[in-house]
Every structure is written in C-alpha cells, then in structure tokens.
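# Residue-level structural notes
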Amino acid sequence: MAVAAGTITIGALVFFATKFRARPGSGPAQHGEDGKIPIRTVLIIVIVMASVLAGAGYASFQAIGVYNNPPNGWNDPNALHVNVTGQRFSWSFNCTSGCGVPAVLTVPHNKIVILNITSIDVFHSFGIPDLRVKADAIPGKYNLIWFQVSTTGTFPILCYELCGAGHAFMRAKLVVT
Ligand SMILES: [Cu+2]
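This text gives an overview of the structure that appears in the document. (Residues numbered from 1 in each chain as written. Predicted model: local features only at pLDDT ≥ 70, side-chain atom pairs only at ≥ 80, totals over all residues. Heavy atoms only, no water.)

### Quick look at the nonpolar core
Among the nonpolar cores identified, the biggest contains 28 residues, and Val-82, Trp-91, Leu-115 and Phe-126 are the most heavily contacted of them. Beyond its immediate stretch of four places on either side in the chain, Phe-126 contacts Val-84, Trp-91, Phe-93, Leu-115, Ile-117, Val-133, Lys-134, Ala-135, Ile-145, Ile-157 and Leu-158. (Core = buried A, V, L, I, M, F, W, Y, C linked by side-chain atoms within 4.5 Å. Buried < 20%, exposed > 50% of the residue type's maximum accessible area, 1.4 Å probe, protein only. Contact = heavy atoms within 4.5 Å.)

### Looking at the pairing of strand β5 (residues 113-119)
Of all seven residues in β5, six are buried; the element is thus mostly enclosed. Inspection of the sheet shows strand β1 (residues 80-87) paired to β5 by seven bridges, in the parallel sense. Of the residues in β5, the one forming a bridge with Gly-86 is Ser-119. With five bridges connecting them, β5 and strand β8 (residues 143-147) associate as antiparallel partners. When the bridges of β8 are listed, Ile-114 appears paired with Trp-146. (Helix = DSSP H or I, 4+ residues; strand = E, 2+ residues; numbered from the N terminus. Pairing = 2+ DSSP bridges.)

### Quick word on the environment of Val-82
Examined against the element boundaries, Val-82 turns out to sit in strand β1. Residue classification places Val-82 among the buried residues on the basis of a relative accessible area of 1%. Each C-alpha atom of the pair Val-82 and Leu-105 lies 9.0 Å from the other, and the pair is 23 residues apart in sequence. With near-sequence residues (within four places) excluded, Val-82 lies in contact with Phe-93, Asn-94, Cys-95, Cys-99, Leu-105, Val-113, Ile-114, Leu-115 and Asn-116.

### Here's the deal with the sheet that holds β5
Read from one edge of the open sheet, four strands run β2-β1-β5-β8, paired in mixed fashion. One side of each edge strand has no neighbouring strand; the edge strands of this open sheet are β2 (90-94) and β8. Neighbour-to-neighbour, the strand axes of the sheet open up by a mean angle of 25 degrees, direction not taken into account. (Axes fitted to C-alpha atoms, helices over the stretch in contact; angles between N-to-C directions.)

### Section: the coordination of the copper ion
Coordination sphere of the copper ion, protein contribution only: His-124 (ND1), Cys-159 (SG), Cys-163 (SG) and Met-170 (SD), at 2.0 to 2.5 Å. Of note is the copper ion, whose four donor atoms meet at the metal with angles of 90 to 128 degrees in an arrangement that counts as tetrahedral. Between the donor residues of the copper ion, the gaps in sequence give the motif H-x34-C-x3-C-x6-M. Pair noted here: His-124 is in strand β6 (residues 124-128) and Cys-163 is in the loop between β9 (153-159) and β10 (172-176), with a separation of 39 residues, a long-range link. According to the relative accessible area criterion, His-124 is buried, its value standing at 0%. The class of Cys-163 is buried, set by a relative accessible area of 7%. (Donors = N, O, S within 2.8 Å, 3.2 Å for Na, K, Ca; no water. Tetrahedral: all angles 85-135°; square planar, octahedral: opposite > 155°, others 65-115°.)

Structure follows, in structure tokens:
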C-alpha cells in the first residue's frame, strides 16, 4: 500500500510539475479570475482529504476492535480462562483445569486462551513478545488479553514494567502442547 500511495503521489507530483511548469513568456499562473485558486476548489480538496483521513481512522479503530476481542467473546465457555498474578518477582497461573505451575503456563495449541491479569503488590506488565501480547498487571484491577497459538513450542514471558531490583529476572514461560 505504501508503494502504491508513493507511486500515485510522486507520479502526480512529477506530472503536475511538468505540465504546469513556468515556460519562457508564459507569465504568471492564471487559475481563477483574480489569479488565485477558487475557494470552491480549496473546499473540495479539504473535504476530500478530510474524508480520506476520517475513513482511514475509522478503519483503524475497527481493526483494533477485531484484534483486541477474542472471536467468541470474553466469556467464551470453550476458551481456556487463566488467572495471571504478578508479584515481585514472579508470575503465577491459575485455571480450573490446572494449566499452570509457578513460572510455567501450559496451554493446548489452537485453543483460545483468555488471560485475566492482575498484581498483588506493585505495577507489573505481562508480555509474551513472540505473540505480540501484553497487558499491565495492576493491583486491584483486572486486565484481559487473549491469544491462540497454532503450533507447539515454548515462548518466553517477561515483565515489561520496572518493578524493583528483580525486575529483569521476573520471567516465566509459555508452553504450548
Ligand atoms: Cu514486574
């Protein structure tokens, strides 16, 4: 899309710069009756540009909604729901089917996993960089994120909020079986 937009923009630039360039004896540019661009033309350009930007902004927010929300909603009974608790300096995982021991979260592949993240001491931030998943872990607050992994593997889990002397060691791992 960037290449297409760049081609159109630079193509138009070269076309207009060539077509309307100053030539010997051509005199000042004449657009409207007084030599200025008519206000109607300016208005049309502004409205078209504003519409394009508004449309792109709307589409962006729609896309955020699609990626932020799990396909079957946050209360999906078929999803694996996991409570994640951060504390200095470890992560613990808790779900009804026994998916986690301290520092290891084990989930099946292809399963929709919904994490309910909180902290019991200071601000932390739970992140799985390989999955582009991250949410703050805040005492007294519960943040939801979700993911679904189609392959098996082991992925590092990190803390993304400087939380004290052991912050760098506040690691866990995700095991997808
Ligand atoms: Cu932390």
